[in-house]
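Results of the structural survey
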Amino acid sequence: MAPTVLTLAERRQQQIAHDEERTAHLSSRESMLAPRRSNDELKAIAEAAQERFAESDTAEILAWVAEEFGYRTAVACSMADAVLPHVVARHLPWVDTLFLETGYHFAETIGTRDAVESSMQLSIVDVKPRRSVAEQDAEFGEKLYERDPALCCQMRKVEPLHDTLQGYEVWITGVRRDEAPTRANTPFVTWDDKNGLVKVNPLAAWSFDDLLAYADDNDVIVNPLVNDGYPSIGCATCTRRVAPGEDPRAGRWAGLDKTECGLHA
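Let me begin by describing the structure that accompanies this report.

1. Quick notes on helix α1 (residues 8-29)
Taking 1.5 Å of rise per residue, 22 residues should cover 32 Å, and α1 covers 32 Å from first to last C-alpha, within 8% of that figure. All of the buried residues in α1 are His18, Arg22, His25 and Arg29. Across the axial projection of α1, the buried residues extend over an arc of 65°, all falling on one side. Of the residues in α1, the exposed ones pointing more than 90 degrees away from the buried face are Ala9, Arg12, Glu20, Thr23 and Ser27. On its buried face, α1 sits against β2 (95-100), α5 (107-119) and β3 (122-127).

2. Concerning the packing of aromatic side chains
Under the definition given, this model contains 5 aromatic pairs. Considering the side-chain rings of phenylalanine 106 and tyrosine 230, the 5.5 Å spacing of their centres and the 65° angle between planes classify their relative orientation as edge-to-face. Of this pair, phenylalanine 106 sits in the loop between β2 and α5 while tyrosine 230 sits in the segment after α9 (208-218), and the two are 124 residues apart along the sequence. Residue phenylalanine 106 is classed as buried on the basis of its relative accessible area, which comes to 13%. Taken together, Phe53, Trp64 and Phe69 form an aromatic cluster joined through their ring pairs. When the ring centre of phenylalanine 188 is taken as origin, the NZ or CZ atom of arginine 177, which lies over that ring, is 4.8 Å away.

3. Some remarks on the nonpolar core
Ranked by size, the top nonpolar core spans 41 residues in total, and within it Trp64, Phe69, Val83, Ile172, Val189, Val198 and Val200 carry the most contacts. If near-sequence neighbours (up to four positions away) are discounted, valine 200 is found in contact with Ile61, Trp64, Val65, Val170, Trp171, Ile172, Thr173, Phe188 and Val189. By size, the runner-up hydrophobic cluster in this structure holds 11 residues, among which are Leu98, Leu161, Leu197 and Leu263.

4. Some details on unusual backbone geometry
A positive phi angle is found at tryptophan 94, which is not glycine, with a value near 70°. Within the secondary structure, tryptophan 94 is located in the loop between α4 (83-89) and β2. Residue tryptophan 94 is classed as buried on the basis of its relative accessible area, which comes to 4%. Even without being glycine, lysine 143 reaches a positive phi, approximately 55°. Checked against the element boundaries, lysine 143 lands in the loop between α6 (133-140) and α7 (144-147).

5. Thoughts on the sheet that holds β2
Strand pairing in a sheet is mediated by backbone hydrogen bonds. Such pairs are either parallel or antiparallel. Strand order in this open sheet of 6 strands is β3-β2-β1-β4-β6-β5, and the pairing throughout is mixed. Looking along the sheet, the strands with just one partner apiece sit at the ends: β3 and β5 (189-192). On average, each strand axis in the sheet is inclined to that of its neighbour by 30°, with strand direction left out of account. Of the strands in this sheet, β2 and β3 touch α1, which is tilted by about 75° from β3. Each of β1 (73-76), β2, β3, β4 (170-172) and β6 (197-200) touches helix α8 (residues 149-165); the most contacted strand, β2, lies at about 160° to it.

6. What about the pairing of β3?
Along any regular strand the residues' side chains alternate between the sheet's two faces. Sheet topology places β2 next to β3; 6 bridges connect them, and they run parallel. Paired with leucine 98 across the bridge in β3 is valine 125. Crossover β2 to β3 through α5 is right-handed.

7. Here we look at the packing of α1 against α5
Viewed as axis vectors pointing N to C, α1 and α5 meet at an angle of 80°, and their least axial separation amounts to 8 Å. With respect to α5, the element α1 is oriented roughly perpendicular. Between α1 and α5, the residues in contact are Gln15, His18 and Arg22 and Glu117, Ser118 and Ser119, respectively. Looking at side-chain class alone, the contact of α1 with α5 contains no nonpolar, 4 polar and 2 charged residues.

Cut-offs and rules
- Residues numbered from 1 in each chain as written.
- Predicted model: local features only at pLDDT ≥ 70, side-chain atom pairs only at ≥ 80, totals over all residues.
- Heavy atoms only, no water.
- Helix = DSSP H or I, 4+ residues; strand = E, 2+ residues; numbered from the N terminus.
- Expected span 1.5 Å × (residues − 1).
- Buried < 20%, exposed > 50% of the residue type's maximum accessible area, 1.4 Å probe, protein only.
- Arc of directions from axis to C-beta.
- Contact = heavy atoms within 4.5 Å.
- Phe/Tyr/Trp six-rings, centres within 6.5 Å; stacked < 30°, edge-to-face > 60°.
- Lys NZ or Arg CZ within 6 Å of the ring centre and 35° of its normal.
- Core = buried A, V, L, I, M, F, W, Y, C linked by side-chain atoms within 4.5 Å.
- Pairing = 2+ DSSP bridges.
- Axes fitted to C-alpha atoms, helices over the stretch in contact; angles between N-to-C directions.
- Right-handed = clockwise from strand over helix to strand, strands pointing away.
- Parallel < 35°, antiparallel > 145°, perpendicular 65-115°, else oblique.
- Nonpolar A, V, L, I, M, F, W, Y, C, P; charged D, E, K, R; others polar.

Dropping the structure here:
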């Protein structure tokens, strides 16, 4: 059967209904939020869950997240694809989905972000650095990412994410064990002492092929760069294509003694 082709007017009406549903959810969300628990309480929850979910599956973990934390949950999404927020939204429709707007993204990444926001049951939160690119250049010099990539990541990713996470009890990431040796022992649930909340990695045991298969089976948006040699996508200034057989993250900070931006270190 051929897919239904909507007219421009029908697509517009569909978009209006989608946006109105998001607005209605956000306006009522405050009534759904329990007071944020203390770090000691959350740490105890994380430690118990780490043992409980040492061997588990994605659906079971996310069902627990929805029940335990509700909308004090944030999903981190780099917009390489929308698989993680799609999986989470099945349990928490309109969940906050954090996008680190560093100012250095590929156009395709921004396009993916916009397509995700307009079509999925998510609430995109743009997490922005304290300084614009121009302000950073004025204070630290141009192309800081070449001279001191760790400092650049710290200011444009790590610090703004830390500030944003303070209102949540748990953040969900798409970190997978197959991405790099540094991620091989990633647990499903852990305590994030740096940010002071629970961290959940529900796709930790997935492979890259699992990810693409899920996207294909569920018609989930994937950044077009993924099919152009970029299995791991960060800032355009610090990401290159990966050759066949290379580590999926070999294109990140290529030629530099750096493998992580600091968010998961």
